[in-house]
Amino acid sequence: MSQFTAYTGRFAPSPTGPLHFGSLVTALASWCEARAHHGRWLVRIEDTDIPRNQIGAEESILSALNAYGLHADSAIERQQDHLVNYNHIIEALKAQNLIYACSCSRKQLTGLTAYPNTCRNKDLPFEGNAIRLKTPDEIICFTDRIQGQVCENLRQTTGDFVLRRRDRIISYQLAVVVDDMRQGVTDIVRGADLLDNTIRQIWLRKCLNTLQLPHLSSIEPAYCHIPLAMNAHGQKLSKQNLAMPLEETEIVATLQKAFVALGQDWVEADTPEEFLQRAVEHWDLSRAPRHSQLMGIFL
Ligand code: GLU
């Protein structure tokens, strides 16, 4: 039997700011799903985009998860520790002619929705250029457990997309797919703001599968995109629009609010541990709201 078959979920925050109520909703949903399946739950810090990392954010995220009782089953991983692996995989993709170097500047591409694959046949050197993955001119679909069927032709929506930037920063797309495969993640439960990355990630996964690298799982994961909590102005709660960081007081009340926002029953509890234990017993993903935004006012 493959080493990668058991239910494995994860929460993968970027250290660009402290956790807010919206991130708690997502973390709680992925934690409850994993626990309800008697599965593993991992925490991975997605810190490849160095300029966006904020000093102290990782510590604050981990401290909040701890205070809310959301403990990972394995040591916390950081993507910065895996740069060698991403670059090795880029070499393997290159050997299969699945990627190419691109010298287009941001300015040259302004105003375009999809990259027009300008550099695809230029055979430019890899050093000093961005690296793009070739995408097919075909419709790719998947069925999200909450959002239903999603289909996209990458040639029309994004074009060949970047896996490594000119400054050698590994893109979110490459890092997230490689790590989900390396860690054997079977169920991706995350915010609906990431839904429109998924087809790119499914295509990249397909390309990586052709490399037959033994340290990467070839299991197709299930996807579940949780509706986003909005602020009083109808904007999604995010670090960018300065959502309030999660307080480490009123923890049970905040967990209860997050659980109810996910369409679940009110669960009475005195401690976070008691709450989480009861939450798993009552958890029913099919009750989560089907739309992509959670209505209500969340701080
Ligand atoms: N690191 C991403 C974020 O903080 C989440 C990635 C994912 O769950 O796929 O938005």
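Structure: above.
Model, not experiment: these values are computed from the prediction.

Let us look at the sheet that holds strand β1 (residues 8-11). The three strands lie next to each other as β1-β2-β3, forming an open sheet whose pairing is parallel. Edge positions in the sheet fall to β1 and β3 (77-78), since each has one partner strand and no second. Bridge count for β1 against strand β2 (residues 40-45) is four bridges, and the pairing is parallel. Across the sheet, residue G9 finds its bridge partner in β2, namely W41. Of the strands in this sheet, β1 and β2 are in contact with helix α1 (residues 21-36), which crosses β2 at around 145°. Together, β1, β2 and β3 form the strand contacts of helix α6 (residues 172-182), whose direction differs from that of β2 by roughly 150°.

Moving on to the side chain of S217. Tracing the chain through its elements places S217 in the loop between α7 (198-211) and β10 (222-226). By relative accessible area, S217 is classed as buried at 2%.

In this section: the state of the cysteines. Overall, the coordinates contain one disulfide when judged by the stated rule. Covalent S-S linkage joins C141 and C151, the inter-sulfur distance amounting to 2.1 Å. Across the disulfide from C141 to C151, rotation about the S-S bond amounts to roughly 110°, and the bridge is consequently right-handed. Pair noted here: C141 is in strand β6 (residues 139-144) and C151 is in strand β7 (residues 148-153), with a separation of 10 residues, a long-range link. On the basis of relative accessibility, which here comes to 37%, the residue C141 falls in the partly exposed class. Taking relative accessible area as the criterion, C151 reaches 40% and is therefore assigned partly exposed. Unpaired in terms of disulfides, C224 finds its nearest cysteine sulfur in C32, a separation of 12 Å.

Moving on: the site of the ligand. In the vicinity of the ligand, the contacting residues are R10, A12, P13, S14, E46, Y172, V176, R190 and L194. A distance of 2.6 Å is found between an oxygen atom of the ligand and a side-chain nitrogen or oxygen belonging to R10. A distance of 2.6 Å separates a nitrogen atom of the ligand from a polar side-chain atom of E46. Among the residues forming the shell around the ligand, the class breakdown is five nonpolar, one polar and three charged.

Across all of its chains, the model carries four aromatic pairs by this definition. Between F142 and Y223, the ring centres sit 5.4 Å apart and the planes meet at 65°, which makes this aromatic pair edge-to-face. Taken as a pair, F142 in strand β6 and Y223 in strand β10 lie far apart in primary sequence, 81 residues in all. Summarising the burial analysis for this pair, F142 and Y223 share the class buried. Ring plane angle 85° and centroid distance 5.6 Å describe the contact between F259 and F275, whose orientation is recorded as edge-to-face. Of this pair, F259 sits in helix α8 (residues 251-261) while F275 sits in helix α9 (residues 272-282), and the two are 16 residues apart along the sequence.

On to unusual backbone geometry. Phi at H38 is positive, roughly 55°, even though this residue is not glycine. On the secondary structure map, H38 appears in the loop between α1 and β2. H38 sits in the exposed class, given a relative accessible area of 77%. Backbone geometry at D123 places phi at a positive 55°, although glycine is not the residue there. As for its position among the elements, D123 is in the loop between α4 (106-109) and β5 (130-133).

Most of β10 is tucked away: four of the five residues are buried. Relative to β10, strand β9 (residues 187-191) is paired through five bridges, and the arrangement is parallel. Considered in β10, the bridge of V189 is made with C224. For the segment spanning β9, α7 and β10, crossover handedness is right-handed.

Now for the sheet that holds strand β8 (residues 161-164). Overall, antiparallel pairing links the three strands, which are arranged β4-β5-β8 in an open sheet. Unpaired on one side and paired on the other, β4 (99-102) and β8 mark the two borders of the sheet. Looking at each pair of strands side by side, their axes are set apart by 45° on average, direction ignored. Here β4 runs beside β5; their pairing, made up of four bridges, is antiparallel.

Below, the discussion takes up the pattern of salt bridges. Per the counting criterion, the structure on display carries 15 salt bridges. With its nearest N and O atoms 3.5 Å apart, the salt bridge here joins D49 to R165. You can see D49 sitting in the loop between β2 and α2 (57-67) and its partner R165 sitting in the loop between β8 and α6, a full 116 residues away along the chain. The exposure class assigned to D49 is partly exposed, which follows from its relative accessible area of 21%. Linking D160 and R120 is a salt bridge whose minimum nitrogen-to-oxygen distance equals 2.8 Å. Note that D160 is positioned in the loop between α5 (154-157) and β8 and R120 in the loop between α4 and β5, a separation of 40 residues in sequence. Overlapping salt bridges bring together R10, R44, E46 and D180 as one network.

Cut-off values and rules
Residues numbered from 1 in each chain as written. Predicted model: local features only at pLDDT ≥ 70, side-chain atom pairs only at ≥ 80, totals over all residues. Heavy atoms only, no water. Pairing = 2+ DSSP bridges. Helix = DSSP H or I, 4+ residues; strand = E, 2+ residues; numbered from the N terminus. Contact = heavy atoms within 4.5 Å. Axes fitted to C-alpha atoms, helices over the stretch in contact; angles between N-to-C directions. Buried < 20%, exposed > 50% of the residue type's maximum accessible area, 1.4 Å probe, protein only. Disulfide = S-S within 2.5 Å. Near = heavy atom within 4 Å. Polar contact = N/O pair within 3.5 Å; in protein donor to acceptor, adjacent residues only side chain to side chain. Nonpolar A, V, L, I, M, F, W, Y, C, P; charged D, E, K, R; others polar. Phe/Tyr/Trp six-rings, centres within 6.5 Å; stacked < 30°, edge-to-face > 60°. Right-handed = clockwise from strand over helix to strand, strands pointing away. Salt bridge = Lys/Arg side-chain N within 4 Å of Asp/Glu carboxyl O.

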